[in-house]
Amino acid sequence: DVDLVTTVNRAAYEVWLNDGFGSVTRDNFGAPSGRNHLVDLDDDGILDLAVGNGSSGFRTISTLRGLGDGSFESPSLLPSDTPTGLGATVSRAFLADLNDDGLLDPTGKANSGIAIHPNSGAGTFAAPEFIDLSPSTTVNAFDITGDDAPDLIGGGDGLALREWSAPLAFLSPIESSTITVINQSWVVDLDGDGSLDFVTVESSPHRVARYSSVALTEPGPASGQTLLIGVPAGGLSFGDLDLDGKLDLFTFYQDSLNVYESTEPSGYDLSHSIEFSDTVRAITSADFDTDGRADVVVCLDNGELHLLRGSVGGVLIPDQVQMVEAVPTDALGADLNGDGLPDLLLGTQAEVRFYRNTGSNFVLESIVPGVGSRLYADQLGDLDLDGDLDLVLPAAGGAGIQVHFNESFIDCNGNGVPDARDLAAGTSSDSDGDGVLDECEPFLRGDTSNDSAVDITDAVGLLESLFLGATLDCLASADTNNDDAVDISDAAFLLNFLFVIGSAPPPAPYPNCGIGDGPSTIPCLRSACP
């Protein structure tokens, strides 16, 4: 008999076994659940379950293997457990090409080491390889030694550098520092010299420090350059506010945002501070208005999100305030939909929310599960080679790595430019505001009258539009010969089809509703198609 899988309040799925549908099992999926599909994914003769979540932006498809008794295994992750003693708890996930094959590999920091999942490039990943990296409160991967291959650097009670020697093989750790504790770390080009720097927030003493690649590879402990000392910092972000080619620092503490201007090579000086009405929970910097200057988003404990725009003179100017549904613990700016505007990721302990930058505010697009309490730029990268940024997160409870493939980069008209960028540039329009470009609305080719049929009335309507100025709601349907133009040849083509036996029918999508083959610039504002 036929069984049934349903979605419950977009937050769980139910499996109904067909005994009159009197038996039901339910499992909370931990995130808004969309369409469910039953399909034999592993070719074992037993139906498996694919559950999707998210409405736009990042979408997660998790697979649950059918056990043959009406139940399913737990949702699949990239697990990072190992019997070698590295431990199962993944506290940080990041992307790096650690086997030097040109593909980013999801990597999880698991207690005293890291678990690397080699990327096939097709959305699948091999079993993890494990690398010891002690101490490793933090871990980053970048080319420190100048051989164009990523090295590993771990920070905790000191620094441990492991030089790349071969794919997924690294030399024994080189102790590079005697620092007491490293709490957070980033890889950025602070001084604009084209060389990446390792930037840390440290304790005992409390300071922000920079380690150049040269300093990390020199013999003996690396002490690093102190950038800020004795400055309480709840978080740290970077951006060029004064357009001098060097990154300025943004920190927050309690209800204040502090801006430190680069005075390289000597360090940083406090430029100005901005106070808010409540405690600052998270900040991130990006050029949100694309004017070349760094802007800063500040998230407060009361749910307010403040956008401060960079201005002439290197000063942040408060610009707009909006409310967000969940108070984040961290934030990250990046262009996730390819429209040229940095969007916003807001993370909590249980999820990450993707907010699209409209140019005037931030609009919630999707929510994905995973630990987002700390967000770093190296958690974003193109894993499936489709041209957009995907996201990796530690799974809840440290069970592994969750990979979220980005479906925001859509090019429905086939012109090689993301639809969001077409809209932003004004080269395409979305007249009905449904998120689909006018030239990508489904239509029935030849149905110029929008009555779901192709007949003589359509030929008459097409001629009236050409010679009498009549308006067609779906101009794409009038391109009956699919030459990306509407002219008298389309009327002739349609009349031949209707009255000359053996004439060719209109090209796809005729005789069905759909989108035509190949790139098109002809819009369809409204059609009879669903």
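Look up: the structure comes first, before these words.
Bear in mind the structure is a predicted one, so any value in this text is a computation, not a measurement.

Novice: What's the story with the overall build of the protein chain in this structure? I'm lost.
Specialist: From N to C terminus, the protein chain includes four helices and 36 strands. Across the 530 residues in the protein chain, those meeting the buried criterion constitute 48%. Put simply, 42% of the contacts in the protein chain that link residues at least 6 apart link residues at least 24 apart. A total of about 22,600 Å² of accessible surface is found on the protein chain, and carbon and sulfur atoms cover 54% of it.

Novice: Help me out: how do you make sense of the packing of aromatic side chains in this one?
Specialist: Between two aromatic rings, the relevant description is the distance of the centres plus the angle of the planes. A full pass over the atoms with the stated rule returns six aromatic pairs. Centre to centre, the rings of Phe142 and Phe198 are 6.5 Å apart; their planes meet at 15°, and the pair counts as stacked. Placement of the pair is Phe142 in strand E12 (residues 138-142) and Phe198 in strand E19 (residues 197-203), with a sequence separation of 56 residues. The residues Phe142 and Phe198 share a single accessibility class, namely buried. The ring of Tyr376 has Arg92 lying over it, and the distance from NZ or CZ to the ring centre is 4.8 Å.

Novice: Mind showing me how you'd approach the sheet that holds strand E31 (residues 343-347) here?
Specialist: Strand pairing in a sheet takes place through backbone hydrogen bonds and is either antiparallel or parallel in direction. Pairing within the open sheet is antiparallel, and its four strands lie in the order E30-E31-E32-E33. Edge strands, defined here as strands with exactly one partner in the open sheet, are strand E30 (330-334) and strand E33 (362-369). Direction aside, the axes of adjacent strands within the sheet are offset by 20° on average. Two strands pair when backbone bridges link them, and E30 and E31 are joined in this way by five bridges, in the antiparallel orientation. The residue of E31 that forms the bridge with Gly333 is Leu344.

Novice: Whenever I open this one, the pattern of salt bridges confuses me. Can you help?
Specialist: Close approach of charged atoms allows side chains with opposite charge to pair. In total, this model carries 10 salt bridges according to the counting rule given. With a closest N to O distance of 2.7 Å, Glu202 and Arg207 form a salt bridge. Overall, the relative accessible area of 9% leaves Arg207 in the buried class. Between Arg353 and Glu351 there is a salt bridge, with its nearest N and O atoms 2.8 Å apart.

Novice: What exactly am I supposed to notice about the state of the cysteines here?
Specialist: When the sulfur atoms of two cysteines share a covalent bond, that bond is a disulfide. Tallied over the entire structure, the rule returns two disulfides. Here Cys513 pairs with Cys529 through a disulfide, and the sulfurs are 2.1 Å apart. A torsion of -80° about the S-S bond marks the disulfide between Cys513 and Cys529 as left-handed. Here Cys513 is found in the segment after helix H4 (488-499), whereas its partner Cys529 is found in the segment after H4, with 16 residues between them in sequence. Here Cys529 falls in the buried class, since its relative accessible area comes to 12%.

Novice: What's the story with a nonpolar patch on the surface in this structure? I'm lost.
Specialist: A cluster of nonpolar side chains, contributed by Ile456, Val460, Phe499 and Val500, occupies part of the molecular surface with about 350 Å² of accessible area. Mapped onto the fold, Ile456 is located in helix H3 (residues 456-467). Judged by relative accessible area, which is 40%, Ile456 ranks as partly exposed.

Novice: Is there a simple way to think about the environment of Leu216 in this case?
Specialist: Along the polypeptide, Leu216 turns up in helix H1 (residues 213-217). When its relative accessible area of 2% is taken as the criterion, Leu216 is described as buried. Between the alpha carbons of Leu216 and Ile144 there is a distance of 7.5 Å; along the sequence they are 72 residues apart.

Novice: What is the right way to look at H4 in this model?
Specialist: A turn of α-helix holds 3.6 residues, and therefore any two residues three or four places apart point the same way. The terminal C-alpha atoms of H4, which comprises 12 residues, lie 17 Å apart, in line with the 16 Å expected from a rise of 1.5 Å per residue. Residues of H4 that are buried make contact with H3.

Novice: It is not clear to me how the sheet that holds strand E20 (residues 207-212) should be interpreted in this structure. Could you clarify?
Specialist: Taken in spatial order, the four strands make up an open sheet running E18-E19-E20-E21, and their pairing is antiparallel. With one partner strand each, in any of the chains shown, strand E18 (181-188) and strand E21 (225-229) form the two edges of the open sheet. Taking the axes of each pair of neighbouring strands and ignoring which way they run, one obtains an average angle of 25° across the sheet. The pairing of E19 with E20 spans six bridges and is antiparallel. Its bridge partner lying in E20, Asp197 is registered against Ser212.

Novice: Is there a simple way to explain H3 in this structure?
Specialist: For H3, with 12 residues, the first-to-last C-alpha span of 17 Å sits near the 16 Å given by 1.5 Å per residue. Following H3 by one or two positions, Gly469 has its phi on the positive side, about 80°.

Novice: Help me out: how do you make sense of the environment of Val324 in this one?
Specialist: Checked against the element boundaries, Val324 lands in the loop between strand E29 (315-323) and E30. Residues contacting Val324, with those up to four places away along its chain left out, are Gly303, Leu305, Leu346 and Tyr355.

Novice: Before we go on, may I ask you to explain the environment of Asp451 in this structure?
Specialist: Following the sequence through the fold, Asp451 ends up in the loop between helix H2 (419-425) and H3. Taking the C-alpha atoms as reference, Asp451 lies 6.3 Å from Ala528; in sequence the two are 77 residues apart. Among all residues touching Asp451, those that are not within four sequence positions of it are Thr457 and Asp458. A polar side-chain atom of Asp451 sits 3.2 Å from a polar atom in the side chain of Ser449.

Novice: Can you help me understand the nonpolar core in this one?
Specialist: Grouped together as the largest cluster of nonpolar side chains are 15 residues, with contacts concentrated most on Phe250, Leu257, Phe276, Ile283, Val298 and Leu316. At the level of secondary structure, the elements contributing two or more residues to this core comprise strand E23 (248-253), strand E24 (256-262), strand E26 (280-286) and strand E27 (295-300). The element best represented in this core is E27, accounting for three residues.

Novice: Just checking my understanding: could you explain a negative patch on the surface for this structure?
Specialist: Taken together, the side chains of Asp100, Asp101, Asp147 and Asp148 define an acidic patch exposed on the protein surface. Looking at the element boundaries, Asp101 is found in the loop between strand E8 (90-96) and strand E9 (105-110).

Novice: What am I meant to see in the packing of H3 against H4 here?
Specialist: How two helices sit against one another is set out by the angle between their axes and by the gap between those axes. Running from N to C, H3 and H4 cross one another at 165°; their axes reach a closest spacing of 10 Å. Of the possible angle classes, the one that applies to H3 and H4 is roughly antiparallel. With respect to the hand of their crossing, H3 and H4 are arranged in left-handed fashion. Contacts between H3 and H4 involve Ile456, Asp458, Ala459, Leu462, Leu463, Leu466 and Phe467 from the former and Ile488, Asp490, Ala491, Leu494, Leu495, Leu498 and Phe499 from the latter. When grouped by side-chain class, the residues that make up the contact of H3 with H4 number 12 nonpolar, no polar and two charged.

What counts, and at which threshold
- Residues numbered from 1 in each chain as written.
- Predicted model: local features only at pLDDT ≥ 70, side-chain atom pairs only at ≥ 80, totals over all residues.
- Heavy atoms only, no water.
- Helix = DSSP H or I, 4+ residues; strand = E, 2+ residues; numbered from the N terminus.
- Buried < 20%, exposed > 50% of the residue type's maximum accessible area, 1.4 Å probe, protein only.
- Contact = heavy atoms within 4.5 Å.
- Areas by Shrake-Rupley, 256 points an atom, 1.4 Å probe, with all protein chains shown as cover.
- Phe/Tyr/Trp six-rings, centres within 6.5 Å; stacked < 30°, edge-to-face > 60°.
- Lys NZ or Arg CZ within 6 Å of the ring centre and 35° of its normal.
- Pairing = 2+ DSSP bridges.
- Axes fitted to C-alpha atoms, helices over the stretch in contact; angles between N-to-C directions.
- Salt bridge = Lys/Arg side-chain N within 4 Å of Asp/Glu carboxyl O.
- Disulfide = S-S within 2.5 Å.
- Patch = residues over 30% accessible without salt bridge, like charges linked within 9 Å, V, L, I, M, F, W, Y side chains within 5 Å.
- Expected span 1.5 Å × (residues − 1).
- Polar contact = N/O pair within 3.5 Å; in protein donor to acceptor, adjacent residues only side chain to side chain.
- Core = buried A, V, L, I, M, F, W, Y, C linked by side-chain atoms within 4.5 Å.
- Lys, Arg positive; Asp, Glu negative; His and termini not counted.
- Charge placed at Lys NZ, Arg CZ, Asp CG, Glu CD.
- Parallel < 35°, antiparallel > 145°, perpendicular 65-115°, else oblique.
- Left-handed = near helix turned anticlockwise from the far one by under 90°.
- Nonpolar A, V, L, I, M, F, W, Y, C, P; charged D, E, K, R; others polar.

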